Amino acid sequence: MTDTQSAYQPLARRLADSGHDVAAIERALAAFAVETPSWGYGDSGTRFGVFPQPGRPRDVFEKIADAAEVHRLTGTAPAVALHFPWDAVDDLDELTDQLAEAGLRAGAVNPNLFQDPDYKLGSLTNPDGGIRRKAIEHVLECVRIATALGSTAQSLWLADGTNYAGQDDLGARRDRLQAGVAAYYGALPSEQELLVEYKFFEPAFYATDIGDWGSALLLCQGLGERARVLVDLGHHAQGVNVEQIVSILAREDRLGGFHFNNRKYADDDLIVGSVNPLELFLIFAELSAGSGSLPRLTIDQSHNIEAKVEAMVLSVVNLQESYAKSLLIDRASLAQAQGDGDVLRGHELLLDAYNTDVRPLCAKVREELGAAADPVAELRASGYAERMARERAAAPARPGAASAKRPTPAPAGLGVTE
Ligand SMILES: [Mn+2]
């Protein structure tokens, strides 16, 4: 018996004895899919500094190779979210081919409306009509790129906002915002949806134009049914109940997806589940409660000191385990306890699922997918990071692709991630 089997069998027996359909849970886990972000593989840091890592990808093709390694190890990361112009290439067909060869697909396309010096006072909400038109041109270009790559979503994070009361007219900015996103939404082919992300502060420090889930939801409701809200776990004030936001948006059929990361203080972009694994579980508890169909699940991390591929693998594993735990919630007993007004029985049932060690179950499903029982250990044993460091140091960068390094030099901009 392998290590995986000897740990799995008693767990599976225990789950079956307590009434769980273990085969159905394993099917759901096998179908679970996460998008990893191209920008999470390259060098990034804080506004204080960036620590270049050996073997870091220099362009989107090398980022795709890293993403393929994450998928090989986890069996659960088949798509790569892309960001333009950071991932710009001369030939989009070449990018499509590279994704296919790597066994991956294009995830959401993310426009960049925060880095151009013209956007100092905003992009879609800028008081200058010429700059607003430039911003709209860029998002329309992203629609064309997504169409060429077969991507099915635009993922909009707008850094726009003001730093001082009186800097601009808040109502007029809202009007400009609505006009801008209407132009964006109106250009989408039917297979693409628009995901609208919100963030309460940074880089704007007084009033962010899409600052919370309510203003994002109102915007989406004004656009049409293919506009949905994207929840980034790092974009709320301390103590906000994110799982309740998830529940409300799902109820309204406006939950478009997630940017998973974790925070302790602000938008820290740390490894998923590293700070508050219970919050992550409670979010999955909401997602698993309904029809069972999941929205788009994307990782949004910017690693500073940690090894990038390893950090991404760990995040995917943490997502798998959190989702697996949410599938173990005894929903019938939970409904019974809630109906009875038994305050702590419901809480206890959630904690029963949360405290179950699902690692053997996830390992077994990963092995059946042809991935690794222990992805982090296998990554380390494989020597992938060292091999990339050698090969990429020896090989010239590929022509026709933008540099993986964010084009703004430190210190400006590097602390800003969406
Ligand atoms: Mn984000």
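Rules of the game
Residues numbered from 1 in each chain as written. Predicted model: local features only at pLDDT ≥ 70, side-chain atom pairs only at ≥ 80, totals over all residues. Helix = DSSP H or I, 4+ residues; strand = E, 2+ residues; numbered from the N terminus. Rg over C-alpha atoms; globule rule 2.2 N^0.38 Å. Buried ≥ 20, exposed ≤ 12 C-beta atoms within 10 Å, placed from the backbone. Contact = placed C-beta atoms within 7 Å. Core = buried A, V, L, I, M, F, W, Y, C linked by C-beta atoms within 7 Å. Axes fitted to C-alpha atoms, helices over the stretch in contact; angles between N-to-C directions. Parallel < 35°, antiparallel > 145°, perpendicular 65-115°, else oblique. Left-handed = near helix turned anticlockwise from the far one by under 90°. Nonpolar A, V, L, I, M, F, W, Y, C, P; charged D, E, K, R; others polar. Expected span 1.5 Å × (residues − 1). Arc of directions from axis to C-beta.

With that settled, the discussion passes to the overall build of the chain. When helices and strands are counted, the chain shows 15 helices and 10 strands. Its C-alpha radius of gyration of 22 Å places the chain within 12% of the 22 Å reference for a compact globule of 418 residues. Viewed in the frame of its principal axes, the chain has a C-alpha envelope of about 65 × 60 × 40 Å. Within the chain, the proportion of its 418 residues that are buried is 48%. Here the contacts in the chain between residues at least 6 apart in sequence split such that 80% fall between residues at least 24 apart.

Core analysis: the largest hydrophobic core is formed by 112 residues, its most contacted members being Ile64, Val80, Val196, Ala216, Val229 and Val313. Broken down by element, the residue count for this core peaks at 10 residues, all from helix H10 (residues 308-326). With residues near it in sequence (within four places) discarded, Ile64 still touches Val80, Gln98, Leu99, Ala102 and Leu104.

Looking now at the packing of helix H4 (residues 92-101) against helix H5 (residues 129-149). Relative to each other, H4 and H5 sit at 45°, their axes nearing to 9 Å. For the element pair H4 / H5, the angle class is oblique. Crossing angle aside, the handedness with which H4 passes H5 is right-handed. Taken together, the residues of H5 that come into contact with H4 (itself represented by Leu92, Leu95 and Thr96) are Ile145, Ala148 and Leu149. Residues belonging to the contact of H4 with H5 are distributed by class as follows: five nonpolar, one polar and no charged.

Turning our attention to unusual backbone geometry. With omega at 15°, the peptide bond leading from Phe84 into Pro85 counts as cis. Relative to the assigned elements, Pro85 resides in the loop between strand S2 (79-84) and H4. Note the cis peptide between Glu202 and Pro203, where omega equals 10°. Considering the arrangement of structural elements, one finds Pro203 in the loop between strand S6 (193-197) and strand S7 (207-208). Even without glycine at this site, Glu202 takes up a positive phi of about 75°. Among the secondary structure elements, Glu202 is positioned in the loop between S6 and S7.

This paragraph deals with helix H6 (residues 170-186). For H6, which comprises 17 residues, the first-to-last C-alpha distance of 24 Å matches the rise-based estimate of 24 Å (1.5 Å per residue) to within 8%. Buried residues along H6 sit against H5, S6, helix H7 (213-223) and strand S8 (227-232).

The subject of this paragraph is the packing of H10 against helix H13 (residues 359-368). Viewed as axis vectors pointing N to C, H10 and H13 meet at an angle of 115°, and their least axial separation amounts to 10 Å. In terms of their interaxial angle, H10 and H13 are classed as roughly perpendicular. Between H10 and H13 the crossing geometry is right-handed. On H13, the residues touching Gln320, Glu321 and Ala324 of H10 are Arg359, Leu361 and Cys362. The class makeup of the residues in the contact of H10 with H13 is three nonpolar, one polar and two charged.

Each α-helix turn comprises 3.6 residues. Residues three or four places apart therefore point the same way. For helix H12 (residues 343-354), spanning 12 residues, the distance from its first C-alpha to its last is 18 Å, which sits close to the expected 16 Å at 1.5 Å a residue. Every buried residue of H12 is accounted for by Leu349, Ala353 and Tyr354. Along H12, the residues classed as buried sweep out an arc of 140° about the axis, all on the same side. More than 90 degrees from the buried face of H12, the exposed residues found are Val343, Leu344 and His347. On its buried side, H12 packs onto helix H9 (277-289), H10 and helix H11 (331-339).

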